[in-house]
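Here are the chains, one letter per residue:
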Amino acid sequence: IEGAVKTIHEHAVQGHDQPLCIYLALRHPHPPYIVEDPWYSSIDPEQLPPRVTTPDWQHKPDILAGTHDQQGLKSWDEARWTDLRRTYYGMCARVDAQLGLLLDALKNTNQYSDSAVFFFSDHGDFTGDYGLVEKTQNTFEDCLAHVPFIVKPPASVTPAPRVSDALVELVDFPATVYDLIGH
């Protein structure tokens with residue numbers, strides 16, 4: 001993040017007439033689940049969404065039940081699940097703050113309105129739903145597939161601002177970029 005902020009500032013100072021493209025892949029939120037304060041403490045455990053605790057294994061892919069048996073988490077009490085979820089949500093809050101640093105750098109260097117910003121994730125996390133952590137391959141539970149894809153187009157593009165629950169695939173990303181640059 002610090003390197004990207006520095007690059008944004010250097011690009012502005014050098015007065016480049018060429019566009020700047022930064023692809024920044026962040027590892028978090030991702031196991032191992034660990035986050036420092038103030039992020040952990042910023043998550044109120046009373047505000048966490050309820051955990052899916054009673055899966056109907058007969059109507060779920062076999063891999064979920066098998067993973068549930070293999071992860072060895074059946075003995076966890078609700079307090080331990082809450083701690084894990086606070087940590088994961090704290091990791092998400094830290095990423096949100098880091099995105100804010102990038103957006104602030106664009107604003108502080110007068111590049112924000114000319115910039116297109118894309119924020120996306122590759123997958124979600126069970127974070128205790130179904131008594132599981134992390135993810136499973138080839139399952140499409142809502143907690144894994146319902147992840148953000150945020151597009152902030154340049155000011156020259158008149159968007160139709162909206163929030164949608166539609167599923168988006170990463171294949172939609174290049175198509176969106178091509179549309180924005182007129183190809």
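What this report covers is the structure whose coordinates are included nearby. In this text the structure is predicted, and so the values were computed from the model without any measurement.

Quick word on the packing of aromatic side chains
For step 1, the next point in the chain: If you walk through the whole model with that rule in mind, you get eight aromatic pairs.
For step 2, the next point in the chain: Ring geometry for Tyr88 and Tyr89: centres 6.3 Å apart, planes at 80°, overall edge-to-face.
For step 3, the next point in the chain: Owing to a relative accessible area of 10%, Tyr88 belongs among the buried residues under this scheme.
For step 4, the next point in the chain: On the basis of relative accessible area, Tyr89 is assigned to the partly exposed category, the value being 32%.
For step 5, the next point in the chain: Chaining the aromatic ring pairs together yields one cluster made of Phe118, Phe120, Phe149 and Phe173.
For step 6, the next point in the chain: Across from the ring centre of Tyr40, 4.2 Å away, lies the NZ or CZ of Arg86, which sits over that ring.
For step 7, the next point in the chain: The residue whose ring lies beneath Lys107 is Tyr112, and the NZ or CZ to ring-centre distance is 4.9 Å.

Comments concerning the pattern of salt bridges
For step 1, the next point in the chain: Summed over all chains, the structure comprises five salt bridges.
For step 2, the next point in the chain: Arg51 is the partner of Glu78 in a salt bridge, and the nearest nitrogen-oxygen pair spans 2.7 Å. Within this pair, whereas Glu78 is found in helix α3 (residues 78–108), its partner Arg51 is found in the loop between α1 (2–14) and α2 (62–71), the two being separated by 27 residues in sequence.
For step 3, the next point in the chain: Residue classification places Glu78 among the partly exposed residues on the basis of a relative accessible area of 42%.

Structural notes on the nonpolar core
For step 1, the next point in the chain: In terms of nonpolar packing, the biggest core is built from eight residues, these being Ala4, Val5, Ile8, Leu102, Leu103, Ala105, Leu106 and Val117.
For step 2, the next point in the chain: Listing elements by their share of this core, those giving two or more residues are α1 and α3.
For step 3, the next point in the chain: Among the elements that take part in this core, α3 stands out by supplying four residues, more than any other.
For step 4, the next point in the chain: Ignoring sequence-local partners within four residues, the contact set of Leu103 consists of Tyr112 and Val117.
For step 5, the next point in the chain: Judged by nonpolar contacts, the second largest core, of six residues, contains Leu64, Tyr130, Leu132 and Leu144.

Re the environment of Gln47
For step 1, the next point in the chain: The residue Gln47 is located in the loop between α1 and α2 in this model.
For step 2, the next point in the chain: A sequence separation of 39 residues divides Gln47 from Arg86, and the C-alpha atoms of the two residues are 9.8 Å apart.

Some thoughts on α3
For step 1, the next point in the chain: With 31 residues, α3 should cover 45 Å at 1.5 Å per step; its first-to-last C-alpha distance of 44 Å lies within 8% of that length.
For step 2, the next point in the chain: Positioned one or two residues after α3, Asn110 has a phi angle of 60°, which is positive.

Calculation notes
Residues numbered from 1 in each chain as written. Predicted model: local features only at pLDDT ≥ 70, side-chain atom pairs only at ≥ 80, totals over all residues. Heavy atoms only, no water. Phe/Tyr/Trp six-rings, centres within 6.5 Å; stacked < 30°, edge-to-face > 60°. Buried < 20%, exposed > 50% of the residue type's maximum accessible area, 1.4 Å probe, protein only. Lys NZ or Arg CZ within 6 Å of the ring centre and 35° of its normal. Salt bridge = Lys/Arg side-chain N within 4 Å of Asp/Glu carboxyl O. Helix = DSSP H or I, 4+ residues; strand = E, 2+ residues; numbered from the N terminus. Core = buried A, V, L, I, M, F, W, Y, C linked by side-chain atoms within 4.5 Å. Contact = heavy atoms within 4.5 Å. Expected span 1.5 Å × (residues − 1).

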